[in-house]
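If you want the building blocks of each chain, they are given just below.
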Amino acid sequence: MAINAVLLAVVIMLGLSLARVHVVLSLLIGALAGGLIAGLGITDTLAAFQDGIRNGAQIALSYALLGAFAVAIAHSGLPQSLAGAVIKRIDAAGSGITAGGMIKYTLFAGLVMMSCFSQNLIPIHIAFIPLLVPPLLLAFNRMQIDRRLIACLLTFGLVTTYMFIPYGFGDIYLNQIMLKNVGEAGIDIANISVVKAMAIPALGMFIGLLTAVFISYRKPRQYQQLAIDKDARDAVVKNDDLGKTAANAQASSKIKTLIALAAIVTAFVVQLYTDSLLLGSMFGFAVFMATGVVKWRDADTVFNDGIKLMAMIGFIMITAQGFAEVMKATGEIAPLIDGATNLFAGNKAIAAFVMLGIGLVVTMGIGSSFSTIPIIAAIYVPLCISLGFSPLATVAIIGTAGALGDAGSPASDSTLGPTSGLNIDGQHDHIRDSVVPTFLHYNIPLLTFGWIAAMVL
């Protein structure tokens, strides 16, 4: 039996990434291998790859504006003040902070909350991570917190929020993409509650989070105290102090904080009513400019800094779009699923497990849950109907199959984001410290609880 081109392409991409080949090159080589094995030829493979890149143009612009909005928020001093307040509280507690201290777990809760809010309330996605995390690295080092745990905390909020809460990115994933494709494939979606469908899989993510916090990474881990960590920490503390040295400076700081909050609310409202993160970011950035928090003469610098902030992640996501387009062009996604159906022939339990497993493989390769749903929905819906799955169970299978692999994919922004903040001093490896831990703690329970949802709904 001939090996499936899509499966082989994903295996090659993952293998190269684990061998520490850059993710962009891994995606490109995997796409070329998949296209050639499928018989497309080099010309058609490159043409499909380029079509995917063109389709990713909106992603590039969205990431650029999200980055600019995030940098504008940083320009207001809000994130630095927040990080400074956290650091000062840690300092005030003295040297008696232990691994089980209250401050440590409060910090964990705050990081999870911020990563959740970045998906709906403040639509800047992963752009907050390289702004907030680096100043806290010295505190993490002091408390001997394992950075693999921080990666798991951040990834939990980034993934669970969009796969369970239908607002912000969750509205795009659950309503605009998943339900739309499920409806077009032949299921009446009028009375389907996506929250109910995805509640059990989300519970699996929560159990994975608890496992990471209280079992896997509870032991202290030592890191070197580098100058770059101290500089990042001192910068935010100094910035926080500047707003408190005089009454007028303090008033100015409070005004900037209020403007930052107004910009965040504006971005959220615009995004909510237009379903466009692009417009939300643009209007939020406009508030900063109109109020003078970002001066007209500084606008170019702030915008350029935002592009630099998100450039690598945006470029990887664009490359992943090219990879996805080649996988579609091979025509071997359907045979991959058809071949898998021979393994379960009417057995719902095995069918659900195989469909979820294929979703894991596809999303691991593409790096985007949002891109996986359109690929699998047209095939999974008729298959689920024929096997007797309820509409709610079908939605749970497809939603979980799409989300599987987002955590743990080398090309996913859910792992790239945490790495961008945690590796600022070169002590956090993307594959070993972000990809592998999040894969183990989220894909395994998500696969398990997604299967349970398919069986009981």
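Quick caveat, the model's predicted, so the values are computed rather than measured. (Residues numbered from 1 in each chain as written. Predicted model: local features only at pLDDT ≥ 70, side-chain atom pairs only at ≥ 80, totals over all residues. Heavy atoms only, no water.)

**Student:** Just to check I follow, could you spell out the overall build of the protein chain for this structure?
**Tutor:** When helices and strands are tallied, the protein chain shows 20 helices and zero strands. Per-residue burial over the protein chain gives 55% buried out of 457 residues. In the protein chain, the proportion of contacts linking residues at least 24 apart, taken out of those at least 6 apart, comes to 81%. Roughly 18300 Å² of accessible area belongs to the protein chain as shown, and the carbon and sulfur atoms make up 66% of that amount. (Helix = DSSP H or I, 4+ residues; strand = E, 2+ residues; numbered from the N terminus. Buried < 20%, exposed > 50% of the residue type's maximum accessible area, 1.4 Å probe, protein only. Contact = heavy atoms within 4.5 Å. Areas by Shrake-Rupley, 256 points an atom, 1.4 Å probe, with all protein chains shown as cover.)

**Student:** For this particular structure, what's the right way to read the packing of aromatic side chains?
**Tutor:** Geometrically, a pair of aromatic rings is defined through the distance of the ring centres and the angle of the planes. Following the criterion strictly, the structure yields seven aromatic pairs and no others. Ring centres of Tyr105 and Phe108 lie 5.6 Å apart, and the angle between their planes is 85°; this geometry places the pair in the edge-to-face category. A residue pair is termed a helical-turn pair when its members lie 3 or 4 positions apart in one helix, as Tyr105 and Phe108 do in helix H6 (residues 102-117) at three residues. Taken together, the ring pairs connect Tyr105, Phe108 and Phe214 into an aromatic cluster. Above the face of the Tyr223 ring, Arg147 is positioned so that its terminal group lies 4.4 Å from the ring centre. For Lys348, the ring lying beneath its charged end belongs to Phe389, and the centroid distance is 4.9 Å. (Phe/Tyr/Trp six-rings, centres within 6.5 Å; stacked < 30°, edge-to-face > 60°. Lys NZ or Arg CZ within 6 Å of the ring centre and 35° of its normal.)

**Student:** What should I look at first to understand unusual backbone geometry in this one?
**Tutor:** Unlike most non-glycine residues, Gln144 shows phi in positive territory, near 55°. Turning to its location among the elements, Gln144 is positioned in the loop between helix H7 (129-142) and helix H8 (147-164).

**Student:** Explain helix H13 (residues 277-290) here, please?
**Tutor:** Because the α-helix completes a turn every 3.6 residues, residues three or four places apart line up on one side. The end-to-end C-alpha distance of H13 is 20 Å, a good match for the 20 Å that 14 residues give at a rise of 1.5 Å each. Leu277, Gly280, Ser281, Gly284, Phe285, Val287, Phe288 and Met289 are the residues of H13 that are buried. Where H13 terminates, the next one or two residues include Gly292, which has phi positive at roughly 85°. (Expected span 1.5 Å × (residues − 1).)

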